[in-house]
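Residue strings, one per chain:
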Amino acid sequence: MHLVNRTFDELAPGDVAEMRRLITADDAYIFAVASGNHNPMHLTDSDLDGDGQTERVVPGMLVASLISAVLGMKLPGPGTLYRRQVLDFHARVHAGDEMIARVEVLEKLADGAVRLATSVRRAGDGVAVLTGEAVVQAPSEKFDHDGIEVPGLIVERHRHFEALLARARPLPALPTAVVCPDDPNSLRGALLAAEQGIITPVLIGRAAAIQAVAQETGANLAGVEIVDVAEDTAAAAMACAMVREGRVAAVMKGHLHTDDLLRPMLDKDLGLRVGRRFTHVFVMDVPGQPEPVMVTDAAINIAPDLSTKVDICQNAIDLALSLGMEPRVGVLSAVETVNPAIQSSIDAALLSKMADRGQITGGLVEGPLAMDNAVDIGAARTKGLKGGVAGRANILVVPGLDAGNMLAKQLAFMSHAEGAGLVLGARVPVILNSRSDSPMSRLASCAVAAIHHFAQQGKRR
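All values reported here derive from a predicted model rather than from experimental measurement. (Residues numbered from 1 in each chain as written. Predicted model: local features only at pLDDT ≥ 70, side-chain atom pairs only at ≥ 80, totals over all residues. Heavy atoms only, no water.)

Ordered by their spatial adjacency, five strands build an open sheet running 2-4-5-6-3, and the pairing between neighbours is antiparallel. Either end of the sheet is taken by a strand with one partner, and the two such strands are strand 2 (16-22) and strand 3 (81-89). Along the sheet, successive strands turn relative to each other by an average axial angle of 20 degrees, direction set aside. Note: strand 5 (residues 113-122) against strand 6 (residues 128-137), nine bridges, orientation antiparallel. (Pairing = 2+ DSSP bridges. Helix = DSSP H or I, 4+ residues; strand = E, 2+ residues; numbered from the N terminus. Axes fitted to C-alpha atoms, helices over the stretch in contact; angles between N-to-C directions.)

Spelled out as structure tokens, the structure:
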């Protein structure tokens, strides 16, 4: 970031500067640690005033600090020191609100100080949250350099997964066919979800191998149904049969190849097709993000055509609605304008228009968007992008499997995110975990499947 200040001699009454900032839940935690103010009204979902609604009010002084940012970075800029600040608070701020902090030079004082009008208002409705005046010592020396690099902070992991687990636990346990859980990771994942009351597993595969893994890991299989099937594909076919018979309401991948799991499900007569393409969604818990971020399709459709991308979008929107999210689909490309030489940009524009015409329903769809202006409001604003999705996308539709796989792994290994994997478009949710997934990822995958299943059941009634 390049910073340039305005010295006292360069300032004049009427000079104005603004900064925008999206307030997140993490901001409140960082402020609590820095200030020592651990007021639960700012940090928890408690109803402390008895009005029936949870608070999570952003601390007033955190909002006021946005004024300090404008003074220190823009007007007058680097070298500015506070002498006085008067604040009047008019409204409250919550995580997810975008704020505009503004300062205006009112008067230059004789001793090198400057008096400024200060305000913070909500970007959405323009409501003034606070107003006041500041007196600052303006810089006397010119500053024109690159800014200081500030390291990013990881405040809290698993916030979104914990919330999903809290929603899933009160639901009835989801009867789930676990296919070939004959390695420690897949068996532990299924039994852990059963212990949490999220699924009721039916273990399908080589019974002797499953029991050997249980003995090796000390897992307790008491009361757990085991269906002895010798071959992987036959075990997957048995899971499909149990779905059709109504014995289970989800399928979970164990220690077998994804192709072997899905092949019987795609059978026109004996499989689990319901008219849409099978598509994969990663529900990512990304530290610092205000809600989960979905990445689709990163595991099944290698180079999806337009009709497949329609199903990719619709399946992800349906899942987001089940999870209580407001679906905002950013269809990704390398650019944010349509380029006839880049097929993904053409597909993205068509998907956006199809949503406008009601061919994709339940959420906002916008594209093409590059990754930066899909998820960052500042980047979207720089490119002049408007609407409800740009800078705020919570569903990222990628051009193809390679891009999706790389994006999901970048989030995991560089942003410390974790993903819950689900295949949609089948008669029941299909829980798809990889061997490297953590216990929390496996639990969250089961939770997402349970929440989605019972939400869809409620719609059918």
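Within helix 5 (residues 207-217), the full set of buried residues consists of Ala207, Ile210, Val213 and Ala214. Buried positions in helix 5, seen along its axis, are confined to an arc of 130 degrees and lie on one side of it. Turned more than 90 degrees away from the buried face of helix 5 sit Ala208, Gln215 and Glu216, all of them exposed. Buried-residue contacts for helix 5 involve helix 4 (184-195), strand 9 (199-205) and strand 10 (225-228). Glycine 218 sits one or two positions beyond helix 5 and adopts a positive phi of about 75 degrees. (Buried < 20%, exposed > 50% of the residue type's maximum accessible area, 1.4 Å probe, protein only. Arc of directions from axis to C-beta. Contact = heavy atoms within 4.5 Å.)

Before going further, it helps to examine the pattern of salt bridges. Taken as a whole, this structure holds 23 salt bridges when the rule is applied. Note that arginine 206 is salt-bridged to aspartate 232, the shortest N-O span being 3.3 Å. Of the two residues, arginine 206 is situated in the loop between strand 9 and helix 5 and aspartate 232 in helix 6 (residues 232-244); the sequence distance between them amounts to 26 residues. Residues joined by salt bridges that share partners form a network here, namely Glu18, Arg102, Glu104 and Arg121. (Salt bridge = Lys/Arg side-chain N within 4 Å of Asp/Glu carboxyl O.)

This paragraph deals with the pairing of strand 17 (residues 418-424). Most of strand 17 sits out of view: seven of its seven residues are buried. Side chains Glu418, Ala420, Leu422 and Leu424 project from strand 17 onto one buried face, and the interleaved Gly419, Gly421 and Val423 project onto a second face that is buried too. With seven bridges joining them, strand 12 (residues 279-285) and strand 17 adopt antiparallel strand pairing. Following the sheet pairing, valine 283 is matched in strand 17 by alanine 420. Of the pairings in the sheet, the one linking strand 17 to strand 18 (residues 430-431) comprises two bridges and is antiparallel in character. Residue pairing across strands places valine 423 opposite valine 430, the latter belonging to strand 18. Connecting strand 17 to the next strand, strand 18, in antiparallel fashion are five residues, including glycine 425 with a positive phi near 100 degrees.

With mixed pairing, eleven strands are arranged side by side in an open sheet as 10-9-8-11-18-17-12-13-16-14-15. Both outer strands of the open sheet, strand 10 and strand 15 (364-369), are each paired with one neighbouring strand and no more. With four bridges joining them, strand 8 (residues 174-179) and strand 11 (residues 250-253) adopt parallel strand pairing. Each bridged residue has a counterpart across the sheet, and for valine 179 the counterpart in strand 11 is lysine 253. Packed on one face of the sheet, helix 12 (residues 401-414) meets strand 12, strand 13 (293-296), strand 14 (328-332) and strand 16 (395-397) and runs near 20 degrees to strand 12.

Computed from the structure, the second largest pocket encloses a volume of approximately 710 Å³. Looking at the second largest pocket, it is lined by 27 residues, and the ones nearest its centre are Phe282, Lys409, Ser434, Ser436 and Asp437. Those elements that provide at least two residues to the lining of the second largest pocket are helix 7 (258-262), strand 12, helix 12 and strand 17. The element that contributes the greatest number of residues to the lining of the second largest pocket is helix 12, accounting for six residues. (1 Å grid on protein atoms, 1.4 Å probe; cavity = no way out; pocket = protein on both sides within 12 Å on 5 of 7 lines; lining within 4 Å. Points joined across faces, edges and corners; volume = space filled by probe spheres on them.)

This structure, assessed with the given rule, holds one cavity of 30 Å³ or more. Reported here for the largest cavity is a volume of approximately 30 Å³. Every residue along the wall of the largest cavity is listed here: Val58, Gly60, Val63, Phe89, Ala91, Arg92, Val93 and Val129. A per-class count over the lining of the largest cavity returns six nonpolar, one polar and one charged. (Nonpolar A, V, L, I, M, F, W, Y, C, P; charged D, E, K, R; others polar.)

Residue placement: alanine 32 occurs in helix 1 (residues 25-35). With ten residues separating them along the chain, alanine 32 and histidine 42 place their C-alpha atoms 8.5 Å apart. If sequence neighbours within four positions are ignored, alanine 32 has contacts with Asn37, His38 and Leu43.

Summed over the entire model, instances satisfying the criterion amount to zero disulfides. Unpaired in terms of disulfides, cysteine 180 finds its nearest cysteine sulfur in cysteine 240, a separation of 12 Å. Overall, the relative accessible area of 1% leaves cysteine 180 in the buried class. (Disulfide = S-S within 2.5 Å.)

The next subject is the nonpolar core. With 56 residues, the main nonpolar core has Ile198, Met294, Leu319, Leu323 and Ile360 as its most contacted residues. In this structure, leucine 323 is in contact with Leu164, Arg167, Val283, Met294, Val448 and Ile451, ignoring residues within four places of it in sequence. (Core = buried A, V, L, I, M, F, W, Y, C linked by side-chain atoms within 4.5 Å.)

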